[in-house]
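# Structural features, examined
Listed below, chain by chain, are the residues.
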Amino acid sequence: MADWRDRLPAVRGDLRRDVPLSGLTWLKVGGPADVMFNPADAQDLADFLAALPPEVPVLPVGVGSNLLVRDGGIRGVVVRLVGPLAKVTVEGTTLVAGAGALDQTVARTAQRAGLAGIEFMIGIPGTVGGAVRMNAGAFGGETAERLRFVEVVGRDGRIRRLDKAELGFGYRRSALPADAIVLRAAFGLEPGDPAAILARMDAIRAEREAAQPIRVATGGSTFKNPEGDRAWRLVDQAGCRGLAHGRAMVSDKHCNFLINQGGASAREIEELGEIVRSRVQERSGVALAWEIVRVGEEVRP
Ligand SMILES: Cc1cc2nc3c(=O)[nH]c(=O)nc-3n(C[C@H](O)[C@H](O)[C@H](O)COP(=O)(O)OP(=O)(O)OC[C@H]3O[C@@H](n4cnc5c(N)ncnc54)[C@H](O)[C@@H]3O)c2cc1C
């Protein structure tokens, strides 16, 4: 038992030990977090981080829609932003979203306010924090496009603002400092007709439903698209569509998606991903890079 847990700073939010993460991730796998913290607000999180011994690792998570938590769980503190840290507000053409807000809530709030430019978010099942970290995108849009600035808190508890230019966005990546937890993000949108925005969102939803297995346990796109190609095409070409390993399987519907068919371990899913990578490497010479973020330990010490 790690003794740092006996000296946790006092907080106003919810602090719990040994919280199973499998129920909190889309892939439905993963061991427990040593400690799970849902801060009451930004200051609560900042004070907690400043007082927590600096050697204790801290990992922010959203809704785990791009996360493979290994079976041994996560050492240190897992932070989830809820309540006031998941609020979305609109002022003029600026939308400010708490990092815990669902991307879909952001898209719907913008539509109701008659603001266009962020419709693609209706198709992404994560939170704003995850979207900024990964520069989530779909259907020709990506998070970086409309982002103006983010407010973050560092591991030292210091809250600061980072402008878009400081975030080094690229395809499914950002240069957000490794220790930064996004607290909120501001987007600059443009006025639009709510009915037309809704129609675009409906079209995105329908297209996704047709092309992706979105009602099963999956982590979304497993591998990043390599320069000039599509990961799914290479996986298909390597004969991996429908390939199973234990209870993990490459989706028949969209072969860049791995699926937990029920009862898979994180290890089976990660091993299946590595089998696919090596078959693709053999077949086409391309080394696919994981898009899914793999965290935690294989076995609990
Ligand atoms: C069915 C399905 C479809 C998907 N379709 C798409 C798609 O079309 N396009 C796309 O881009 N992605 C897609 N994804 C992947 C996923 O939804 C996105 O990557 C999303 O942005 C992850 O958000 P999350 O909040 O769930 O983050 P998590 O999966 O919980 O975490 C992902 C990463 O973000 C970090 N993170 C989370 N919150 C914060 C924070 N507040 N501050 C700093 N870092 C943070 C985590 O530490 C981790 O490194 C899909 C996933 C699924 C399951």
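Before reading further, recall that the structure is shown in the block above.
One structure accompanies this document, and this report is about it.

Rules and cut-offs
- Residues numbered from 1 in each chain as written.
- Predicted model: local features only at pLDDT ≥ 70, side-chain atom pairs only at ≥ 80, totals over all residues.
- Heavy atoms only, no water.
- Pairing = 2+ DSSP bridges.
- Helix = DSSP H or I, 4+ residues; strand = E, 2+ residues; numbered from the N terminus.
- Axes fitted to C-alpha atoms, helices over the stretch in contact; angles between N-to-C directions.
- Near = heavy atom within 4 Å.
- Polar contact = N/O pair within 3.5 Å; in protein donor to acceptor, adjacent residues only side chain to side chain.
- Areas by Shrake-Rupley, 256 points an atom, 1.4 Å probe, with all protein chains shown as cover.
- Parallel < 35°, antiparallel > 145°, perpendicular 65-115°, else oblique.
- Contact = heavy atoms within 4.5 Å.
- Nonpolar A, V, L, I, M, F, W, Y, C, P; charged D, E, K, R; others polar.
- Salt bridge = Lys/Arg side-chain N within 4 Å of Asp/Glu carboxyl O.
- Buried < 20%, exposed > 50% of the residue type's maximum accessible area, 1.4 Å probe, protein only.
- Core = buried A, V, L, I, M, F, W, Y, C linked by side-chain atoms within 4.5 Å.

A few words on the sheet that holds strand β2 (residues 32-38). Pairing between the strands of a sheet is mediated by backbone hydrogen bonds and can be parallel or antiparallel. Strand order in the open sheet made by the four strands is β1-β2-β5-β3, with mixed pairing throughout. The strands lining the two open edges of the sheet, one partner per strand, are β1 (14-20) and β3 (58-61). Sheet twist, expressed as the average angle between the axes of neighbouring strands with direction ignored, equals 30 degrees. Pairing geometry for β1 and β2, over six bridges, is antiparallel. Note that in β2 the partner of Val19 across the bridge is Ala33.

Glancing now at the site of the ligand. The local shell around the ligand holds 36 residues, among which Pro60, Gly62, Ser65, Thr127 and Gly137 are the closest. A distance of 3.4 Å separates an oxygen atom of the ligand from a polar backbone atom of Ala131. The contact in question runs from a nitrogen atom of the ligand to an N or O atom on the backbone of Val182, over 2.8 Å. Here the ligand has 960 Å² of accessible area as a free molecule, and 96% of this is covered by the chains. Those elements giving two or more residues to the shell around the ligand turn out to be β3, α3 (128-134), β9 (137-138), β13 (181-188) and β15 (217-221). Element by element, the count of residues in the shell around the ligand is highest for α3, at five residues.

It is worth spelling out the packing of helix α2 (residues 103-112) against helix α5 (residues 194-211) at this point. Running from N to C, α2 and α5 point in directions that differ by 155 degrees, and their axes come no closer than 8 Å. On the basis of their axis angle, the class for α2 and α5 is roughly antiparallel. In this structure, α2 contributes Ala107, Arg108 and Gln111 to the contact, and α5 contributes Pro194, Ile197, Leu198, Met201 and Arg205. Here the contact of α2 with α5 is built from residues that sort into five nonpolar, one polar and two charged.

Considering all chains together, one arrives at 22 salt bridges under this definition. Taking the shortest distance from any N to any O, the salt bridge between Glu270 and Arg70 comes out at 2.9 Å. On the criterion of sequence distance, the pair formed by Glu270 in helix α7 (residues 266-284) and Arg70 in the loop between β4 (67-69) and β5 (74-80) is long-range, its members being 200 residues apart. Of the residues examined, Glu270 reaches a relative accessible area of 11% and is grouped as buried. Overall, the relative accessible area of 17% leaves Arg70 in the buried class.

The biggest cluster of nonpolar side chains holds 51 residues, and the ones touching the most others in it are Leu45, Val77, Val106, Val150 and Phe187. Excluding anything up to four places from it in sequence, Leu45 contacts Phe37, Pro39, Val79, Leu81, Val153, Ile181 and Leu183. Ala264, Ala266, Leu272 and Trp290 belong to the second-largest nonpolar core, a separate cluster that totals 23 residues.

An order of β6-β7-β13-β11-β12 is seen for the five strands of this open sheet, with the pairing classed as antiparallel. At either end of the open sheet lies a strand with only one pairing partner, and these are β6 (88-91) and β12 (159-163). With direction set aside, neighbouring strand axes in the sheet form an average angle of 20 degrees. Strand contacts of α2: β6 and β7 (94-98), with the helix running at about 30 degrees to β6, the strand carrying the most contacts.

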